[in-house]
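What follows is the residue order along each chain.
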Amino acid sequence: MSVETAPEVEFAPAAGEDMPVIRAQLERERLDTERLEPDQFITIREGERIIACGRIKPYEQTYELGSVWVAEDRRGRRLGELITRKLVRRFPQDEVYLTTDAAVGLPAYYERLGFLRTRILPDELVAKIKRVCETLNRDAVGMVYDRRIERLPSLAETFKAKHVLERYLPRTPLQHNLALSRELGCEAYVKLENLQPIGAFKVRGGVYLASTLSKEERERGIIGASTGNHGQSLAYGANLFGIRCVIAMPEEANPMKVESMRALGAEVKFHGKNFEEARLWAEETARQKGMRYVHHVNTPELVAGVSTISLEVVEDLPDVDVIITPIGGGSAAVGHCLVAKALQPRVQVIGVQAEGAPAVYHSWRERELQTAGIETTAEGLATGQAYYIAVKTFIERMDDMLLLSDEEMRQAVVLLLRSAHIVAEESGAASTAAAVKLRERLADKKVAIVVSGGNMTLDSLRRALLVA
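Residues numbered from 1 in each chain as written. Predicted model: local features only at pLDDT ≥ 70, side-chain atom pairs only at ≥ 80, totals over all residues. Heavy atoms only, no water.

A. Seen up close, the nonpolar core. Grouped together as the largest cluster of nonpolar side chains are 78 residues, with contacts concentrated most on Leu65, Tyr110, Phe115 and Phe394. No other element matches the 6 residues that helix H16 (residues 388–397) contributes to this core. In this structure, Leu180, Leu192, Val352 and Val413 belong to the second largest nonpolar core, which totals 36 residues. (Core = buried A, V, L, I, M, F, W, Y, C linked by side-chain atoms within 4.5 Å. Buried < 20%, exposed > 50% of the residue type's maximum accessible area, 1.4 Å probe, protein only. Helix = DSSP H or I, 4+ residues; strand = E, 2+ residues; numbered from the N terminus.)

B. How the structure looks around the sheet that holds strand S15 (residues 348–354). Spatially, S8-S9-S18-S14-S15-S17 is the arrangement adopted by the 6 strands of the open sheet, whose pairing is mixed. Strands with a single pairing partner mark the edges of an open sheet, and in this sheet they are strand S8 (174–176) and strand S17 (400–404). Averaged over all pairs of adjacent strands, the angle between strand axes in this sheet comes to 25°, irrespective of strand direction. When strand S9 (residues 187–192) meets strand S18 (residues 446–451), the two strands line up parallel, connected through 6 bridges. Residue pairing across strands places Glu187 opposite Lys446, the latter belonging to S18. (Pairing = 2+ DSSP bridges. Axes fitted to C-alpha atoms, helices over the stretch in contact; angles between N-to-C directions.)

C. Focus on the packing of aromatic side chains. This structure, assessed with the given rule, holds 7 aromatic pairs. Ring geometry for Tyr63 and Phe91: centres 6.5 Å apart, planes at 75°, overall edge-to-face. You can see Tyr63 sitting in strand S4 (residues 63–70) and its partner Phe91 sitting in the loop between helix H2 (79–90) and strand S5 (95–101), a full 28 residues away along the chain. A residue is classified by how much of its surface remains accessible, and Phe91, at 3% relative accessible area, is buried. (Phe/Tyr/Trp six-rings, centres within 6.5 Å; stacked < 30°, edge-to-face > 60°.)

And the structure:
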């Protein structure tokens, strides 16, 4: 988060005697005046006069950045931007939310500071918006900034993760496949993450995360939510380092992945009809029991681990033109955007989502975090919510993204079986399906196709073979 040249100012906490002035200004601007307390505010002053102020408003489970005000005769000096930046640095949580009514609108500097519009807000802020909008009779909008984006891995961190993972995981091959190349009209290279010990790329993140935990974190244990591969990753890493691991899964989860997690020593808990319901339970349980909650996207150590895929691709194929990667939550795709683009700036990164779970696609296209329904059999892509770190990275660095039908992915499962003798689950075949769809655009290019996983159930395989 950076601000261009701006005036030097001094920030001061608000005092009790300042509150009548602050309240009067907020009321005049029709800003939020609920539960005002001096310790919520910081101010900028000229002498004794308050010329700008801003607030961190506490709720029971979250906080809101709110009530940023600048005196009318001092506007245009970037004071609102400065005080917002200062508040963000002081925020007691990673996700920084703000809301306002549409009539007031949001200053352009919020986007400069990295905020994204969002339709996804904590319940407490949804309730607040309802109260405020009933009073003001206006629609409200929200924005979010996630400070974890500042901790995304550097190249140095990715190389560090690579050296750790070399002790525990095999380097997966990047194979040039002649039959697939003829079929697609490009030089097709398949990155075989289906050959990982759990049959999926995510194990890289789980192992590296477990290696970085403190003694105290290991004693408390870790918890996550998963439709399968993320949970197996955490279970595998926890097993290596002797850490308790709890995984929340939807009630109708892939039985093969459930048994795999249990075999690795994880405690599997079934909650909800889909991933998002399982995730909410896991987050609440982590708060109650003091465990380390491991988000499947917003965990920098996981991103560092899975970023090693991109590092290996560029090492094995330095003149790669295109990398195609599936997007569920987006951790691996974030890795490609960070690492491949840093090592080979001209490479194109193309992401793929299921059209039956398009939350990230619509969020990327419309530059606004959104949710979407989940109607896909591709378990690894069955996520219904977009997350700040992934979408912000994709907006800035991803070259393209497209949606695929389940049928297109099943056809790609068969294509991989026939042309490369590879067993891939539907989400694992998504990149291949995208290469088929983009055949003309990829002509004569060197294309790395990430086969992200191979945990195919017999029922899924039967479905795929029916389209052959």
